[in-house]
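# Survey of secondary and tertiary structure
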Amino acid sequence: MWKPAEKIRWQPSPGRVPDAAEVSSSILFSPLDAGRLHLRNRTWVPAMVPWRATEDGHVTPEVLDWYGRFARGKPAALVVEATGIRDVPSGPLLRIGHDRFLEGLGELTGRVRDESGGDTRLFIQLIDFLAIKRRPAPEKFFDRYLDITADHRRALSMADDSEADVRAALAAMPRDDLKQVLTPREWEALTMGHRERVTDTHLPHVAELPEVLPGLFSDAALRAQKAGFDGVELHYAHAYTMASFLSATNTRTDGYGNSREGRIRLPLEVFRQVRGTVSDGFVVGARFLAHEAIDGGSTLEDVCYFAAEFARAGMDFLSLSRGGKFDDAKQPKVGATAYPYTGPSGYECMPQFISDDLGPFGRNFAATKAIRQAVRDAGFEPPVVGAGGIHNFDIAEAALQDGVADVIAAARQSLADPDWFRKLETGHGRDIRLCEYTNYCEGLDQNHKQVTCKLWDRVGLDEPGILKSSDGKRRLTPPDWSPE
Ligand SMILES: Cc1cc2nc3c(=O)[nH]c(=O)nc-3n(C[C@H](O)[C@H](O)[C@H](O)COP(=O)(O)O)c2cc1C
Ligand code: SF4
């Protein structure tokens with residue numbers, strides 16, 4: 001992963017351990033009753049892909065164990081990983097694009113209900129993404145993938161030569177010259193792997209996204225409701241289709257791009273169709289970016305506008321993330337796919353302990369606070385979920401008191417210790433296993449390996465009944481804890 005040049009080492013701290021009086025007077029442990037969203041307190045585990053589904057997207061015993069373990073920590077809300085809404089192969093990522101996924105998802109909601117004693121509201125993150133290809137070997141690219149055009153022939157002065165000769169000439173060119181002959185997209189396809197964009201409206205399936213996505217999202221949301229989820233989180237963040245519609249880089253000219261109004265049009269249409277399809281009590285919110293962190297990305301003003309419009313449309317919560325784009329991803333190895341958390345915007349999404357002046361803890365707070373304020377100024381009250389480097393009571397409570405957010409989401413700290421909120425609540429704050437923000441977990445994610453935490457994945461490997469990683473070297477969930 002990319003790292004800032006400053007290389008300042010930040011140290012996570014346990015902070016103050018609150019006593020019972022502080023816990024009961026804190027905002028963190030106070031209930032939230034806002035519209036359809038009723039939480040027993042303000043604690044939230046955001047979506048994290050653990051790479052535990054089957055190759056065809058079904059729930060496995062490992063998926064059940066993973067979410068069951070988070071549920072034993074009784075967060076007020078738990079969001080199931082980004083789950084694909086289409087019925088197309090997507091590797092071992094959960095899917096919800098067909099009724100055959102209902103049985104497994106139903107088991108998942110049952111498991112979370114049982115393990116949390118009904119204390120945890122369970123949401124599922126619904127995602128759509130466009131095609132991305134592996135970085136090709138240059139021989140294959142020139143032999144098979146590149147479409148030879150009149151521009152190539154003109155640049156090479158090979159108007160009448162055979163296509164095979166043009167391909168051979170391009171393959172033999174020095175890199176610097178080649179860059180002048182290929183279009184930027186062809187160069188990207190060669191050096192990074194071909195990636196579709198929402199602006200590729202010459203492709204019929206991209207042009208028609210506004211017609212098909214509302215139906216795909218609403219069908220998926222209805223399945224989520226049937227499977228027993230309390231609500232859905234529409235994934236409008238990071239590198240994926242809906243975030244790309246919102247992005248200032250969306251220059252579509254069909255009414256779904258360019259202006260703020262155009263860029264938010266499809267996200268609103270998707271939301272409205274979902275809202276109109278599910279039952280009245282079912283929660284529907286979205287996760288989107290407070291800051292894209294790429295050149296030419298949306299401004300804070302744009303995002304304040306989006307957030308106020310989402311609230312006006314009636315979203316039940318607004319969850320804010322940061323960065324995580326393909327635009328600045330590192331070049332993958334030949335045969336591998338680009339990963340959106342490897343460049344500077346990826347760093348903004350999951351900043352690690354080696355950082356700059358801003359540091360990894362609360363890096364998204366200023367933007368989140370400004371967006372929350374804009375929503376309040378527009379006259380709307382949906383809860384705002386804030387995230388990024390939150391790992392102790394002081395940081396969480398200060399963010400709530402300071403108006404940054406209404407709910408505290410912690411991803412990596414909850415992976416390091418899924419009982420951490422409960423330990424704080426029950427006076428066992430000293431026993432919290434503190435995340436080190438080294439991003440070992442994120443590295444596993446990047447390599448599509450089952451995600452675990454380095455603080456517990458080699459502990460108690462001989463414990464009876466535990467599930468282990470495919471190579472048998474790591475346990476897949478942390479050891480149990482109980483307050484007694
Ligand atoms: C292994 C891993 C998988 C993640 N998967 C998702 C995901 O599916 N959807 C999502 O919106 N964010 C995902 N994230 C981002 C987190 O939800 C969170 O925004 C980010 O890690 C910053 O919060 P933290 O500092 O509390 O970890 C993932 C993070 C990690 C570490
Ligand atoms: S591996 Fe564990 S300690 Fe390291 S960043 Fe991930 S959750 Fe934190």
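Bear in mind the structure is a predicted one, so any value in this text is a computation, not a measurement.

Per the secondary structure count, the chain includes 19 helices and 12 strands. The C-alpha radius of gyration computed for the chain amounts to 23 Å, which stays within 12% of the reference 23 Å derived for 484 residues, consistent with globular compactness. Burial statistics for the chain: of 484 residues in total, 47% are counted as buried.

Glancing now at the environment of A47. In this fold, A47 is placed in the loop between β4 (43-45) and α2 (61-72). Each C-alpha atom, one on A47 and one on G255, is 31 Å from the other, the two residues being 208 residues apart in sequence. With near-sequence residues (within four places) excluded, A47 lies in contact with V79, V80, E81, A82, Q125 and E233.

Here we come to the domain arrangement of the chain. Annotation of the chain at the domain level lists domain 1 (8-133 + 198-446) and domain 2 (138-191). Using C-alpha coordinates to define each centre, domain 1 is positioned 41 Å away from domain 2.

A word on the site of ligand 2. Around ligand 2, 13 residues are found, and the nearest of them are R412, C435, Y440, C441 and C453. For the shell around ligand 2, the leading source of residues is helix α17 (residues 412-416), giving three residues. Class assignment of the residues belonging to the shell around ligand 2 gives a composition of eight nonpolar, two polar and three charged.

So, on to the nonpolar core. Judged by nonpolar contacts, the single largest core of 119 residues is most densely connected at L126, F217, V232, L234, L318, V385 and I408. Ranked by residue count, the leading element in this core is helix α10 (residues 209-226), at seven residues. F142, L170, L182 and L190 belong to the second-largest nonpolar core, a separate cluster that totals five residues.

Around ligand 1, the structure places 24 residues, and the nearest of them are P46, A47, A82, A411 and R412. Residue assignment for the shell around ligand 1 shows that the elements contributing at least two residues are β5 (77-84), α17 and α19 (440-446). Top element by residues in the shell around ligand 1 is α19. It accounts for three residues. Of the residues assigned to the shell around ligand 1, the class counts are 14 nonpolar, five polar and five charged.

The next point concerns the sheet that holds β5. With parallel pairing, eight strands are arranged side by side around a closed barrel as β4-β5-β6-β7-β8-β9-β11-β12. Between one strand and the next, the sheet's axes are offset by a mean angle of 30°, whatever the strand orientation.

With that settled, the discussion passes to the packing of α10 against helix α12 (residues 260-277). Closest axis-to-axis distance for the α10/α12 pair is 8 Å, and the angle between their directions is 35°. As α10 packs across α12, the resulting crossing turns out to be right-handed. Residue-level inspection shows P210, L213, P214, G215, F217, S218, A221 and L222 of α10 in contact with α12, the latter providing L266, E269, V270, Q273, V274 and T277. Of the residues that constitute the contact of α10 with α12, the class distribution is nine nonpolar, four polar and one charged.

So, about unusual backbone geometry. Unlike most non-glycine residues, H238 shows phi in positive territory, near 60°. Mapped onto the elements, H238 comes out in the loop between β7 (231-236) and α11 (241-246). A positive phi is found at H448, a non-glycine position, where the angle reads about 55°. Relative to the helices and strands, H448 resides in the segment after α19.

Between α12 and helix α13 (residues 300-313), the shortest axis-to-axis distance is 11 Å and the interhelical angle comes to 30°. With respect to their mutual orientation, α12 and α13 come out roughly parallel. The way α12 lies across α13 gives a crossing that is right-handed. Together, R260, I264, L268, F271 and R272 of α12 and D302, Y305, F306, E309 and A313 of α13 make up the contact between the two elements. Here the contact of α12 with α13 is built from residues that sort into six nonpolar, no polar and four charged.

Turning to the pairing of strand β8 (residues 283-291), a few remarks are in order. Remember that side chains alternate between the two faces of the sheet whenever the strand is regular. The buried fraction of β8 is high, at nine of nine residues. Where β7 meets β8, six bridges bridge the pair, whose relative direction is parallel. Counted as the bridge partner of H235 is R287 from β8. Direction of pairing for β8 relative to strand β9 (residues 318-322): parallel, over a ladder of five bridges. Looking at the pairing, A286 lines up with L318 of β9. With α13 bridging β8 and the parallel β9, this β-α-β connection has right-handed handedness.

Looking now at the environment of L182. Residue position: L182 is located in the loop between α7 (175-181) and α8 (184-191). Exposure remark for L182: the 22 C-beta atoms within 10 Å place this residue in the buried category. If we skip the residues at most four places from it in the chain, L182 touches W187 and L190.

Mapping K333 onto the fold places it in the loop between β9 and α14 (344-349). For K333, a count of 9 C-beta atoms within 10 Å translates into the label exposed. C-alpha separation for the pair K333 and G193, spaced 140 residues apart in sequence, amounts to 9.9 Å.

Turning our eyes to something else, we now look at the pairing of strand β6 (residues 121-127). Burial of β6 is extensive: seven of the seven residues sit out of reach of the surface. Read as a crossover between parallel neighbours, the route from β5 over helix α3 (residues 102-116) to β6 is right-handed. In terms of strand pairing, β6 meets β7 through four bridges, oriented parallel. The residue bridging L126 from the neighbouring strand is L234, located in β7.

What counts, and at which threshold
- Residues numbered from 1 in each chain as written.
- Chains lettered and ligands numbered in written order.
- Predicted model: local features only at pLDDT ≥ 70, side-chain atom pairs only at ≥ 80, totals over all residues.
- Helix = DSSP H or I, 4+ residues; strand = E, 2+ residues; numbered from the N terminus.
- Rg over C-alpha atoms; globule rule 2.2 N^0.38 Å.
- Buried ≥ 20, exposed ≤ 12 C-beta atoms within 10 Å, placed from the backbone.
- Contact = placed C-beta atoms within 7 Å.
- Domains from an automatic or database assignment.
- Near = placed C-beta within 6 Å.
- Nonpolar A, V, L, I, M, F, W, Y, C, P; charged D, E, K, R; others polar.
- Core = buried A, V, L, I, M, F, W, Y, C linked by C-beta atoms within 7 Å.
- Pairing = 2+ DSSP bridges.
- Axes fitted to C-alpha atoms, helices over the stretch in contact; angles between N-to-C directions.
- Left-handed = near helix turned anticlockwise from the far one by under 90°.
- Parallel < 35°, antiparallel > 145°, perpendicular 65-115°, else oblique.
- Right-handed = clockwise from strand over helix to strand, strands pointing away.

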